[in-house]
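# Observations on the model geometry
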Amino acid sequence: MKIKIALAGNPNCGKTTLFNALTGSNQFVGNWPGVTVEKKEGKLKKHDDVVITDLPGIYSLSPYTLEEVVARNYLIQERPEAILNIIDGTNLERNLYLTTQLVELGIPVVVAVNMMDVVNKNGDKIDTNALGKALGCKVVEISALKGTGIEEAAEAAIHAAQNTKTIPQHSFSGVVEHAIAHIEEVAVHTLPEEQQRFFAIKIFERDEKIIEQLGLTQDNRKHIETDIEAAEKELDDDAESIITNERYVYIASIIKQCYKKKNNGGLTVSDKIDKVVTNRILALPIFAVVMFIVYYISVTTVGTVATDWANDGVFGDGWHLFGIGAGEYEDVSGEFGDAANVIDAFVTAEGADDVADAIDTESDTFDASAAASALDTFAASVSDDATADYTLVDEETLAEEDVTYTGAELKEAVATYTSYGCEEPDPADYGVWVPGLPGIIESGLDAVNCADWLKGLILDGIVAGVGAVLGFVPQMLVLFIFLAFLESCGYMARIAFVMDRIFRKFGLSGKSFIPILIGTGCGVPGIMASRTIENERDRRMTIMTTTFIPCGAKLPFIAMIAGAIFGGAPWVAPSAYFLGIVAIICSGIILKKTKMFAGDPAPFVMELPAYHWPTVSNVLRSMWERGWSFIKKAGTIILLSTIIVWFTTYFGVVDGAFRMLTEDEISNSILATIGNAIAWIFAPLGWGNWQAAVASITGLVAKENIVGTLGILYGGGDGTVYSNMASHFTVVSGYAFLAFNLLCAPCFAAIGAIKREMNNAKWTWFAIGYQCGFAYLVAFVINQLGSIALGTANVFGIIVSIVLIVLFIFLLVRPYKESTTLSNRAVKVK
Amino acid sequence: MLTWLSQNIGTIIVLLVVVLIVAAIVKSMRRDKKNGKSSCGGNCAACRGGCMHAQK
C-alpha cells in the first residue's frame with residue numbers, strides 16, 4: 001500500500017532540508033521563510049511505496065495566505081496517512097501553535113524537533129517524552145542540516161501511518177467545549193469521528209472557507225451562531241481570538257513542563273549580529289559594502305583570473321598547462337612587444353610604408369629575411385639621437401602613456417626583433433602548451449578539408465558566440481557561491497527586513513523585496529514569487545520592477561562591459577547592482593503615487609531566521625544548479641541564436657547579389673541592414689551603431705545573447721573583441737549601453753512569466769513599455785550628461801536631460817495624496 | 001557526382017553533425033516546452049519555489 005507522509009511546519013524550520021535528506025531530492029533550500037510556495041513530492045529513499053510531500057511553511061491552518069491555503073487544502077482534501085510536523089527546537093512556543101491544530105485533523109502526527117544540535121549547544125533542554133505525552137503523539141529529535149535522527153523520524157511517521165491514531169490532548173475552556181460539542185452534533189456528525197473536532201473548531205472560528213466547503217444550511221448556521229455568540233459573550237472576546245488565546249495558554253503549560261532554557265533573556269549570537277547588521281544607520285552601508293565585495297571579488301579579482309583563462313585559454317589561443325613555461329613566454333613576448341613598439345613608433349614617424357609592408361606577418365608575401373634586411377637598412381638610416389613619440393596603451397586598464405624613443409633604442413629594438421625571426425614568439429615553443437578549442441576545431445576542420453563558409457559558421461559563429469558566453473562561467477560560479485552563502489547564512493532575510501523599513505517610508509512593502517532577492521538568480525522565479533503578495537496593486541508593481549535587478553544572465557554582459565570599456569574597473573559591476581536597486585526603489589515611489597498603484601503597503605511579517613553556517617554541500621549544490629542552468633542555456637538557445645546571428649552577419653546583398661560576405665563587407669549584411677534601420681533610436685543614448693542595436697535586440701532571446709552577439713560582431717578584423725568594443729564606445733556611451741540593457745524589457749522567458757502573472761495583455765504591455773521607457777530615459781540622461789565631461793555635449797540633449805531630471809525629482813517628492821485619503825478612511829472606520 | 005562527393009565529403013560530414021546537433025537542441029527545447037519547462041530553463045530545483053512547475 002502506498003503511504004503518503006506530509007511534511008508540515010512553520011516557515012524556515014527546515015522542512016525542505018529534511019525533504020531533500022529523506023528523498024535525495026535537490027530542492028532549493030534558503031535560510032529565509034517562504035522558499036516553498038508549492039507543495040513538492042518525492043519518494044522516501046529505500047521505500048518506493050512511501051511518498052513524502054513537502055508543504056509550504058505555515059504558521060497556522062487559518063486561510064490567510066496562499067501558503068496556508070495550499071497546505072490546508074492538501075491536508076484536508078488529500079488526507080495523507082501521516083503528518084511529520086517539523087518544529088524548530090529553538091522556538092518551541094511559536095512552532096507548537098501549528099502542532100496544536102495539526103493534531104486535531106484526525107491524521108496521525110509525528111513531531112520532529114529540529115535544530116536539536118543548536119538547542120544542545122545553547123545548553124537548553126527539551127523533554128521530548130513529556131512533550132509527546134502532552135501533545136498525544138510521538139516526538140523525535142532531529143537535526144535536518146546534520147542529518148541526525150531523520151531516518152528515525154521517517155520510520156516513526158511510517159509506523160504512525162500504519163498503527164496509531166493521534167488524539168488531541170488539549171481541551172478548551174468549558175464554554176468553548178460546550179459550543180464545539182453542539183457544532184459537532186449539528187453540523188459535522190456525518191463526517192468520520194476523528195475529523196469532526198477540527199471542522200467544529202473551524203466553524204466556531206467562523207472560517208468561511210470551511211463553512212462553504214461543508215455546505216451548512218442557513219438554519220444550522222443560525223443555530224450554531226447562537227452557541228458561538230454565547231461563548232463570545234461569556235469570554236468577552238471574538239471566537240477566533242478565544243481559540244488563539246486558549247491555544248497559547250495550553251502551549252505555555254506544555255513549555256513549562258518540557259522545556260528548560262539556560263539563558264533566560266540573554267542575547268543570542270544572532271541577536272548580537274543583528275544589533276549591528278540591522279542597525280537603523282549602519283544596515284544600508286553594511287549591505288552596500290557586502291554587495292560591493294561580492295561583485296568585486298566575483299567579477300574583478302578571483303572571477304577575472306578564471307574567466308581570463310576561460311576566454312583567452314579555453315576559448316582563445318590556448319594556455320600553458322599549470323603555468324609551465326608561461327613566465328618564460330611572457331618575458332620573451334614582452335621583450336618582442338617592446339621592440340615592436342619602438343619600430344612601430346619610428347616607422348610611423350618616418351612614414352616608412354615599405355618597411356611596414358615588409359614586416360607585416362599577415363601579408364601573403366611576408367619573408368623573414370627580407371623583413372630583417374629592410375629593418376636593418378631602416379635602422380641604419382636613422383641617427384642615434386633622432387626621436388619618435390609613441391602612445392602606449394595598457395591592455396588591462398586601457399590607460400595611455402606617451403613615451404619618446406631614440407634612434408639608439410631603435411637599433412637595439414631591431415636587433416631584438418630580428419633575433420626572433422621578425423615574428424612574434426609562439427607560446428607553443430615554451431613549456432607545456434594546450435591549444436584553445438578554436439585552434440583544435442580549426443585544425444580538425446582543415447584536416448577534413450571543410451568548406452570555408454562552414455568553418456566560418458563553426459568558428460566565427462558557434463565557437464565565438466557560445467565561447468564568449470561560456471567564458472564567463474567561472475565568474476558566475478564565484479558570484480553564485482557568494483549569493484548562496486549570503487542566503488543560507490540568513491543575511492539576505494535581514495536585507496528584506498532592512499529594505500522593508502525603507503520601502504515602507506515610501507508606501508512600499510518589504511514583501512516586494514523577496515522576489516527581487518530571488519531575481520538575482522533568474523527573473524522568472526523572481527516574477528513568479530511575487531504571487532505571495534496579496535495586494536494586487538503591489539503585486540503588479542513588483543512584477544514590473546523585479547527584473548531591474550541584474551539576474552545571473554546579465555552578469556556576463558556586465559563583466560564584458562567592465563572589461564572591454566572600463567579596463568576592468570572594480571566599481572562597474574557593483575554599480576550595475578545598485579543601479580538596479582535604485583531603479584526599483586525610484587520606480588516604486590513614482591508608481592505608488594499614481595492612481596493605478598496607490599494604496600497602503602501590505603503588512604510584512606517575516607521571522608528572521610537564526611544565523612548559521614551553511615553546509616558546504618548546500619552552497620556548492622546551489623552554485624552548481626544555477627551554473628548548470630546557465631551552461632545548458634548556452635548549449636541550446638544561445639547556440640541556435642549564434643547560428644542565426646552568424647548567418648545574418650556573414651550573408652547579405654552586395655552589388656545586387658546575395659552572397660556570403662568577407663569581414664570587410666559585413667556592413668552590407670542582413671543584420672547590419674536591420675541594425676541600421678533601428679540604430680537611430682539608440683543614437684541619443686550614445687551607441688547608435690548597428691552592432692550594439694542588434695545585440696540589444698538579440699538580448700531579448702536571452703540576456704547572455706548580448707555577449708554572444710558582440711563576440712561575433714566585434715570578433716572579426718584586427719584586434720580582440722574587447723579592443724574592438726573599446727574603439728566603438730566611450731566610457732559614457734558604454735555605461736549608457738550597460739544601463740539600457742540592464743533595465744529594459746527582460747528576456748522572452750521573463751516576459752512570458754510577466755504575462756502569466758499579470759494575466760492581462762494590457763498590463764503586460766504596460767510593464768514592458770514602462771521598463772523600456774525607463775531604461776531609455778536613464779541611458780539618455782547618462783549619455784547626455786556624461787558627454788559634458790567628455791566635451792562632446794549637445795545643448796539640446798542637456799536641456800532635455802535637465803527637464804527629465806526635474807520631472808523625475810518632482811514625481812519622487814510630490815505628496816502622496818492617496819495615502820492621506822486611506823488613513824482618513826481608517827480613522828472614520830474607527 | 002562522385003568526384004564532387006569525394007571532394008566535399010568532409011564538409012558534408014561536418015554539416016551533418018551541425019544539423020544533428022541543431023535538431024537535438026530543437027527537440028530538447030520542444031520537449032522542455034511540452035513539459036512546461038521552457039519559461040525558466042527547466043531548472044525547477046534551483047527556482048526556489050517561485051516556479052509552479054511540478055517536481056518531476
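Cut-offs applied
Residues numbered from 1 in each chain as written. Chains lettered and ligands numbered in written order. Predicted model: local features only at pLDDT ≥ 70, side-chain atom pairs only at ≥ 80, totals over all residues. Heavy atoms only, no water. Helix = DSSP H or I, 4+ residues; strand = E, 2+ residues; numbered from the N terminus. Buried < 20%, exposed > 50% of the residue type's maximum accessible area, 1.4 Å probe, protein only. Contact = heavy atoms within 4.5 Å. Areas by Shrake-Rupley, 256 points an atom, 1.4 Å probe, with all protein chains shown as cover. Axes fitted to C-alpha atoms, helices over the stretch in contact; angles between N-to-C directions. Parallel < 35°, antiparallel > 145°, perpendicular 65-115°, else oblique. Left-handed = near helix turned anticlockwise from the far one by under 90°. Nonpolar A, V, L, I, M, F, W, Y, C, P; charged D, E, K, R; others polar. Patch = residues over 30% accessible without salt bridge, like charges linked within 9 Å, V, L, I, M, F, W, Y side chains within 5 Å. Salt bridge = Lys/Arg side-chain N within 4 Å of Asp/Glu carboxyl O. Lys, Arg positive; Asp, Glu negative; His and termini not counted. Charge placed at Lys NZ, Arg CZ, Asp CG, Glu CD. Phe/Tyr/Trp six-rings, centres within 6.5 Å; stacked < 30°, edge-to-face > 60°. Polar contact = N/O pair within 3.5 Å; in protein donor to acceptor, adjacent residues only side chain to side chain. Core = buried A, V, L, I, M, F, W, Y, C linked by side-chain atoms within 4.5 Å.

Another point: the overall build of chain A. Looking only at helices and strands, chain A has 37 helices and 14 strands in total. Burial statistics for chain A: of 830 residues in total, 54% are counted as buried. At a minimum sequence separation of 6, the contacts of chain A that also span at least 24 residues come to 71%. Total accessible area computed for chain A in this model is approximately 36500 Å², and 58% of it derives from carbon and sulfur atoms.

On to the overall build of chain B. On a plain count of helices and strands, chain B comes out with one helix and zero strands. Burial statistics for chain B: of 56 residues in total, 36% are counted as buried.

Here the focus is the packing of helix H34 (residues 748–758) of chain A against helix H35 (residues 761–790) of chain A. Residue and element names in this part refer to chain A. Taken N-terminus to C-terminus, the directions of H34 and H35 make an angle of 135 degrees; their axes are 8 Å apart at the nearest point. Relative to H35, the element H34 is oriented oblique. Between H34 and H35 lies a crossing of right-handed hand. For the pair formed by H34 and H35, the contact residues are Ile 751, Ile 754, Lys 755 and Met 758 on the first element and Trp 763, Thr 764, Ala 767, Ile 768 and Gln 771 on the second. Here the residues of the contact of H34 with H35 sort into six nonpolar, two polar and one charged.

A cluster of acidic side chains, namely Glu 328, Glu 330, Asp 331, Glu 335 and Asp 338 of chain A, defines a negative patch on the protein surface. Mapped onto the elements of the fold, Glu 335 of chain A is located in helix H15 (residues 326–350).

Counting buried positions along helix H30 (residues 690–698) of chain A gives eight out of nine residues, so the element sits mostly inside the fold. Among the residues of H30 of chain A, those classed as buried are Trp 690, Gln 691, Ala 692, Ala 693, Val 694, Ala 695, Ser 696 and Thr 698 of chain A.

Further remarks concern the packing of aromatic side chains. Residues and elements named next belong to chain A. Evaluated as defined, the whole model comprises 30 aromatic pairs over all chains. Note on Phe 336 and Tyr 420: the rings are 5.8 Å apart at their centroids and 90 degrees apart in plane angle, and the pair reads as edge-to-face. Here Tyr 420 lies in the loop between helix H18 (407–419) and strand E12 (433–435) and Phe 336 lies in helix H15, a separation of 84 residues in the sequence. Residue classification places Phe 336 among the buried residues on the basis of a relative accessible area of 6%. What makes Tyr 420 partly exposed here is its relative accessible area of 21%. Ring centres of Phe 566 and Tyr 735 lie 6.1 Å apart, and the angle between their planes is 90 degrees; this geometry places the pair in the edge-to-face category.

Further remarks concern the side chain of Thr 100 of chain A. All names here are of chain A. Its location among the elements puts Thr 100 in helix H3 (residues 92–102). At a separation of 3.4 Å, a polar atom in the side chain of Thr 100 contacts the side chain of Arg 247. Ignoring any residue separated from it by four or fewer positions in sequence, one finds Thr 100 in contact with Arg 247, Tyr 250 and Ile 251.

In this section: the environment of Ile 631 of chain A. All names here are of chain A. Position of Ile 631 relative to the elements: it lies in helix H28 (residues 616–650). Note on Ile 631: relative accessible area 23%, which makes it partly exposed. Separated by 158 residues in sequence, Ile 631 and Val 473 have C-alpha atoms that sit 7.6 Å apart. Once you skip the residues sitting within four places of it in the chain, Ile 631 turns out to touch Leu 470, Val 473 and Trp 624.

Soluble globular proteins tend to pack their nonpolar side chains together in the buried interior. Residues and elements named next belong to chain A. Tyr 295, Trp 687 and Phe 737 are the most contacted members of the largest nonpolar core, which has 132 residues in total. In terms of residue count, the dominant contributor to this core is helix H27 (residues 572–592) (11 residues). Setting aside anything within four residues of it in sequence, one finds Tyr 295 in contact with Thr 300, Leu 479, Pro 550, Leu 555, Ala 573, Pro 574 and Tyr 577. Counting residues in hydrophobic clusters, the runner-up holds 61 residues, among them Ile 76, Cys 137, Phe 198 and Leu 216.

Just geometry here; none of it tells us what the structure is for.
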